[in-house]
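# Understanding the architecture of this molecule
Okay, here's what each chain looks like letter by letter:
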Amino acid sequence: VNQLRAQLANDIAIKAFKENKLPFPDGSIIVAIHWTHVPSEENDKILDTSGPFPGAQSFAIGSRVNAQFMVKDSKKYPDSGGWGFADFTGDKPGDKALHEACFPCHMPAKDRDYVFARYAP
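Overview of the structure. (Residues numbered from 1 in each chain as written. Predicted model: local features only at pLDDT ≥ 70, side-chain atom pairs only at ≥ 80, totals over all residues. Heavy atoms only, no water.)

## Focus on the overall build of the chain
For clarity, the threshold we go by: Note on conventions: DSSP H or I runs of at least 4 residues are helices, E runs of at least 2 residues are strands, and numbering of each starts at the N terminus. Here the radius of gyration uses the C-alpha set of atoms, whereas the globule reference equals 2.2 Å times the residue count to the power 0.38. Each residue is assigned to one of three classes by its accessible area relative to the maximum for its type, calculated with a 1.4 Å probe on protein chains only: buried under 20%, partly exposed between the two thresholds, exposed over 50%. Only the protein chains shown count as cover for residues, with accessible areas throughout obtained via the Shrake-Rupley method and a probe of 1.4 Å. Asp and Glu count as negative and Lys and Arg as positive, but His and the ends of the chain are not part of the count. Charge placement uses NZ in Lys and CZ in Arg. For Asp and Glu, CG and CD serve respectively.
When you go through the chain residue by residue, the secondary structure sums to 3 helices and 5 strands. When the helices and strands of the chain are placed in sequence order, the string is β-α-β-α-β-β-β-α. A compact globule built from 121 residues should have a C-alpha radius of gyration of about 14 Å, whereas the chain, at 18 Å, is more than 25% larger. Dimensions of the chain, computed from C-alpha atoms along their principal axes, come out at roughly 60 × 35 × 25 Å. Burial analysis of the chain (121 residues in total) assigns 27% to the buried set. Per element, the accessible surface of the chain, about 8,300 Å² overall, is 56% carbon and sulfur. Of the side-chain charges in the chain, 14 are positive and 15 negative, and the distance between the mean point of each set is 7 Å.

What follows is the structure in structure tokens.
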């Protein structure tokens, strides 16, 4: 909510996404980066609000909220679907309690190997 988001993956995960291969192979890494968004007064000055989008407003990336990582290693993380989770807010890693909350949150995506993201060509 009220964020701009980007999801990235390494070559192993991208190949699995493209081929719709589940479960993801070990070595897959998926990263989600979240930023706040702020109004862009500079863009609004040139935005034509009299056209088809009256009252339109543009936004730009603000500060980074966090970066979240999923790393697939079935041997190292057998109790969480083979995935290890990490979260960084600013430059600081999340604590153990935060990381332990990651897998339960991903349980609804069990049919997709616990991954919410989809490949967008």
